[in-house]
Amino acid sequence: MQTIEELTQDLKLNSEQSQAIENYINSLLIELLESIKQDHIKNFEETIENLRHNV
């Protein structure tokens, strides 16, 4: 797997283009992590609620 730096070098991007790509990828990563976080929170809440009903 390439780093963002390696990718931008391979594509021969200038610094402005490189920064735009890095910002875009970071934005996508933040969205993905937020989604995973929300899924885990929802799963924990559902598990806790199920356990409460069984007590």
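In case you missed it, the structure is sitting above this.
Overview of the structure. (Residues numbered from 1 in each chain as written. Predicted model: local features only at pLDDT ≥ 70, side-chain atom pairs only at ≥ 80, totals over all residues. Heavy atoms only, no water.)

**Focus: a nonpolar patch on the surface**
Part 1 of the argument: Side chains of L29, L32, L33 and I36 sit close together on the surface and give an oily, nonpolar patch of about 350 Å² of accessible area.
Part 2 of the argument: Mapping L33 onto the fold places it in helix α2 (residues 15-54).
Part 3 of the argument: Accessibility expressed as a relative area gives 48% for L33, which makes it partly exposed. (Patch = residues over 30% accessible without salt bridge, like charges linked within 9 Å, V, L, I, M, F, W, Y side chains within 5 Å. Areas by Shrake-Rupley, 256 points an atom, 1.4 Å probe, with all protein chains shown as cover. Salt bridge = Lys/Arg side-chain N within 4 Å of Asp/Glu carboxyl O. Helix = DSSP H or I, 4+ residues; strand = E, 2+ residues; numbered from the N terminus. Buried < 20%, exposed > 50% of the residue type's maximum accessible area, 1.4 Å probe, protein only.)

**A short note on unusual backbone geometry**
Part 1 of the argument: Here the phi dihedral of K12 falls at roughly 55°; this positive angle occurs in a residue that is not glycine.
Part 2 of the argument: Structurally, K12 can be placed in the loop between α1 (4-10) and α2.
Part 3 of the argument: Classification of K12 as exposed rests on a relative accessible area of 71%.

**A few points about the pattern of salt bridges**
Part 1 of the argument: Evaluation of the coordinates by the stated rule reveals one salt bridge.
Part 2 of the argument: Between R52 and E49 there is a salt bridge whose closest N-O contact spans 3.7 Å. Here the residue R52 and the residue E49 both occupy positions in helix α2, the gap between them amounting to three residues, near one helical turn.
Part 3 of the argument: On the accessibility criterion, R52 (57% relative accessible area) is exposed.
Part 4 of the argument: With a relative accessible area of 37%, E49 lands in the partly exposed category.

**Points about the side chain of T8**
Part 1 of the argument: One can find T8 in helix α1.
Part 2 of the argument: For T8, a relative accessible area of 7% corresponds to the buried category.
Part 3 of the argument: Setting aside its immediate chain neighbours within four residues, T8 contacts L13 and S18. (Contact = heavy atoms within 4.5 Å.)

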